[in-house]
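# Residue-level structural notes
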Amino acid sequence: MSSIAGLVSLNTGNSIYAATKGAMNQLAKNLACEWARDNIRTNSVAPWFIRTPLVEPYLSDEKFLEEIKCRTPMERTGEPDEVSSLVAFLCMPAASYITGQTICVDGGLTVNGFFFPRT
């Protein structure tokens, strides 16, 4: 499991975490090429804020939660089943031609650009 911290700067002061997630994303790409001949696929799943006990202390801060929502085009945090559904799909035959990808589960945050919040 990666994180969008491996793809974009989050200004959290945790560069080591971001670097390790970026390395995981690159490892998935390299292994996809190395292991393809053995029909082994590798992908990286990179979530944004997902409602889990780990992040609940952050999300319980209303000001912080509003900052997350205003930067996320879908204007909400993710749910655990939204990540697990993607992981399950990647294990299925329907995903048999998907390898070496970093797939973001982020409500559009990483493709946001300069997003004007809805009024």
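Residues numbered from 1 in each chain as written. Predicted model: local features only at pLDDT ≥ 70, side-chain atom pairs only at ≥ 80, totals over all residues. Heavy atoms only, no water.

### Details of the overall build of the protein
Scanning the protein from terminus to terminus reveals four helices and two strands. The helix and strand sequence of the protein, counted from the amino end, reads α-β-α-α-α-β. Dimensions of the protein along its principal axes, counting C-alpha atoms only, are 50 × 30 × 30 Å. When burial is assessed residue by residue, the protein has 30% of its 119 residues classed as buried. A sequence separation of at least 24 residues applies to 66% of the contacts in the protein between residues at least 6 apart. As displayed, the protein offers around 7900 Å² of accessible surface, 60% of which is attributable to carbon and sulfur atoms. (Helix = DSSP H or I, 4+ residues; strand = E, 2+ residues; numbered from the N terminus. Buried < 20%, exposed > 50% of the residue type's maximum accessible area, 1.4 Å probe, protein only. Contact = heavy atoms within 4.5 Å. Areas by Shrake-Rupley, 256 points an atom, 1.4 Å probe, with all protein chains shown as cover.)

### Considerations on the packing of aromatic side chains
Across all of its chains, the model carries three aromatic pairs by this definition. Aromatic pair Y58 and F64: ring centres 6.1 Å apart, planes at 45°, arrangement tilted. The structure contains a cluster of three or more aromatic residues connected by ring pairs, namely W48, F49, Y58 and F64. (Phe/Tyr/Trp six-rings, centres within 6.5 Å; stacked < 30°, edge-to-face > 60°.)

### Comments concerning the pattern of salt bridges
Two side chains carrying opposite charge are able to pair once their charged atoms lie near each other. Throughout the structure, instances matching the rule amount to three salt bridges. Here R51 makes a salt bridge to E56, at a shortest N to O gap of 3.0 Å. According to the relative accessible area criterion, R51 is partly exposed, its value standing at 27%. Between E82 and R76 there is a salt bridge, with the nearest N and O atoms lying 2.7 Å from each other. (Salt bridge = Lys/Arg side-chain N within 4 Å of Asp/Glu carboxyl O.)

### Observations regarding the side chain of S44
The residue S44 is located in strand β1 (residues 44-47) in this model. S44 sits in the buried class, given a relative accessible area of 5%. With residues up to four places along the chain from it excluded, the contact list for S44 reads S2, N25, A28, Q101, T102 and I103.

### Thoughts on the environment of F49
One can find F49 in the loop between β1 and α2 (56-59). Beyond its immediate sequence surroundings of up to four residues, F49 is in contact with V55, Y58, L59, F64, I68, T77 and G78.

### Details of the state of the cysteines
Throughout the structure, instances matching the rule amount to zero disulfides. No disulfide involves C33; its sulfur sits 19 Å from that of C104, the nearest cysteine. Looking at the unpaired C70, the closest cysteine sulfur is the one in C104, lying at 19 Å. The exposure class assigned to C70 is partly exposed, which follows from its relative accessible area of 32%. (Disulfide = S-S within 2.5 Å.)

### A few points about the pairing of β1
Across the two faces of β1 the burial is the same, with S44 and A46 and V45 and P47 all buried. For β1 and strand β2 (residues 102-105), the ladder comprises four bridges, and the chain directions are parallel. Residue pairing across strands places S44 opposite T102, the latter belonging to β2. (Pairing = 2+ DSSP bridges.)

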